[in-house]
Amino acid sequence: LTHKPAPVIEFITPNLPEPEVSANPAKAVHPQQSSRSNTSSSVPVEKSNQSQFEAQNEKFRIVPEEFKQIDFKNLTYPYKFSYNGRKINFVLKDGKYKHDFNDDRGWFNFSDTSYIDLTNDGSPEAIVILWHVSCGVSCDGGAPLFYIFRLRQSKLKSLWEFETGSLGYGCGLKSFTVKGGKITMELFGRCSDKMKDSLSMGKFQVKDTTRITFGFNGKKFVEEKKEFISTAERSVLNYQSEISINE
C-alpha cells in the first residue's frame, strides 16, 4: 500500500491564539486555561493522576505493521458540528486544520494515536485523539475528539467518533479508559448527549461527574451505560485529562 499525502489546503484565519500541542493529549496547553482564575480559593481543585498511566500507555503507541502506511497527521476526517448539524470532511495537513465559517472558527490539531484490539478479532484498531478548539466571541479552551479506525484490505473504516465538552464550559474530559474491549469515559458535570452540563456552576467550576461506557456491537461502538455521580463543586482549571490504555 502506498500512502498518498493529503492535498495541501490553506486556510487564513487571523488572530486565533493557537495552543501549544503536546504528543500527549493530557499535557496539551490550551489558551483558555491560564494560571489566572475567577474561581474562589475556597473551591477544591480537581487533581489529576495522569503521570501514573504514562508508562503503560507508551507500549500502545507502537505502530503495528499494517498501520505503518497510514499517516494520521495527513488524513481526511469526518466531523459533525453539534450546534447546527453541519457535516464536513476536513483534511489534516502536518497535524493541523483551521476552519473559519460565518458562525464558527477554530482549529483541529492531531494529539495522539494508540493501537489495541478493541473488537476481539485478533487485529488492532487505531484510537486517534485530535484536539478541537472552537471560537466565537472567545475560544472555548478546546475539547478532545476521539476516533476509532479499523483497517481492512488497506481501507480505513471509522467505528466510533466522539467529542467531549470543554473544561471551561462544561462536560470536559476527566478520564478516558480502555480496558477489556470497553471504553469508559468520565466527564465533569451532568452531561446530555450534546455535551451540555445541566448544572454548570460557572467557568471551570463544576459539580458531579458523568460516567459513560461504550462497547462494540459488531458494527460500531455504542453507548451501553450512563450514570451520574454526585460530587462537590470543584475547580478544573489547568486539569490534565487522564488517558489510560490497557488490554
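This text goes with the structure placed above it.
Residues numbered from 1 in each chain as written. Predicted model: local features only at pLDDT ≥ 70, side-chain atom pairs only at ≥ 80, totals over all residues. Heavy atoms only, no water.

(A) A look at the overall build of the protein chain. Helix and strand content of the protein chain: 1 helix and 14 strands. Expressed as a percentage of its 247 residues, the buried residues of the protein chain come to 49%. For the protein chain, the accessible area works out to roughly 12700 Å², and carbon and sulfur atoms hold 47% of it. (Helix = DSSP H or I, 4+ residues; strand = E, 2+ residues; numbered from the N terminus. Buried < 20%, exposed > 50% of the residue type's maximum accessible area, 1.4 Å probe, protein only. Areas by Shrake-Rupley, 256 points an atom, 1.4 Å probe, with all protein chains shown as cover.)

(B) Expanded view of the side chain of His132. With respect to the element layout, His132 can be found in strand β5 (residues 125-135). Among the polar contacts listed, one links the side chain of His132 to the side chain of Glu163, at a separation of 2.8 Å. When residues no more than four places from it in sequence are discounted, the contact partners of His132 are Tyr79, Phe81, His99, Trp107, Phe108, Asp140, Gly142, Ala143 and Glu163. (Polar contact = N/O pair within 3.5 Å; in protein donor to acceptor, adjacent residues only side chain to side chain. Contact = heavy atoms within 4.5 Å.)

(C) Structural view of the pairing of strand β8 (residues 173-179). With 5 of 7 residues buried, β8 lies mostly within the body of the structure. Where β8 and strand β9 (residues 182-188) come together, 6 bridges link them in antiparallel fashion. Note on β9: the bridge partner recorded for Val178 is Ile183. Here β8 folds back onto β9, and the loop between the two strands holds 2 residues, one of which, Gly180, carries a positive phi near 60 degrees. (Pairing = 2+ DSSP bridges.)

(D) Representation of the state of the cysteines in the model. Here the structure, examined in full by the defined rule, presents 2 disulfides. Between Cys135 and Cys139 runs a disulfide, and the two sulfur atoms are separated by 2.1 Å. Looking along the S-S bond of the Cys135-Cys139 disulfide, the torsion reads about 95 degrees, which is the right-handed sense. Residue classification places Cys135 among the buried residues on the basis of a relative accessible area of 3%. Shown here is the disulfide that connects Cys171 with Cys191, its sulfur atoms set 2.2 Å apart. As the torsion about the S-S bond is roughly -120 degrees, the Cys171-Cys191 disulfide counts as left-handed. Highlighted residues: Cys171 in the loop between β7 (155-163) and β8 and Cys191 in the loop between β9 and β10 (205-206), separated in sequence by 20 residues. (Disulfide = S-S within 2.5 Å.)

(E) Structural detail: the sheet that holds β5. Taken in spatial order, the 5 strands make up an open sheet running β3-β4-β5-β6-β7, and their pairing is antiparallel. Looking along the sheet, the strands with just one partner apiece sit at the ends: β3 (96-100) and β7. Pairs of neighbouring strands in the sheet enclose a mean axial angle of 25 degrees, with direction left out of account. Where strand β4 (residues 105-116) lies against β5, 11 bridges are found, and the strand directions are antiparallel. Within β5, the residue paired with Tyr115 across the bridge is Ala126. (Axes fitted to C-alpha atoms, helices over the stretch in contact; angles between N-to-C directions.)

(F) Looking closely at unusual backbone geometry. In this structure, Asp94 is a non-glycine residue whose phi angle is positive, near 55 degrees. Take Asp94: its relative accessible area is 57%, and that puts it in the exposed class.

(G) Layout of the packing of aromatic side chains. Across all of its chains, the model carries 21 aromatic pairs by this definition. Both rings, one in Phe146 and one in Trp160, keep their centres 6.2 Å apart while their planes meet at 35 degrees; by these two values the pair is tilted. Here Trp160 lies in strand β7 and Phe146 lies in strand β6 (residues 143-152), a separation of 14 residues in the sequence. Judged by relative accessible area, Phe146 falls into the buried class, the value being 0%. Taking relative accessible area as the criterion, Trp160 reaches 5% and is therefore assigned buried. (Phe/Tyr/Trp six-rings, centres within 6.5 Å; stacked < 30°, edge-to-face > 60°.)

(H) Quick peek at the nonpolar core. In this structure, Trp160, Phe176 and Met185 are the most contacted members of the largest nonpolar core, which totals 24 residues. Among the elements of the structure, β5, β6, β7, β8, β9, β11 (209-216) and β14 (242-245) are those that each provide at least two residues to this core. With residues near it in sequence (within four places) discarded, Met185 still touches Phe146, Trp160, Phe162, Thr164, Leu173, Ser175, Phe176, Thr210, Arg211, Ile212 and Phe214. One finds Phe67, Leu75, Tyr79 and Ala126 within the second-largest nonpolar core, a separate group that totals 21 residues. (Core = buried A, V, L, I, M, F, W, Y, C linked by side-chain atoms within 4.5 Å.)

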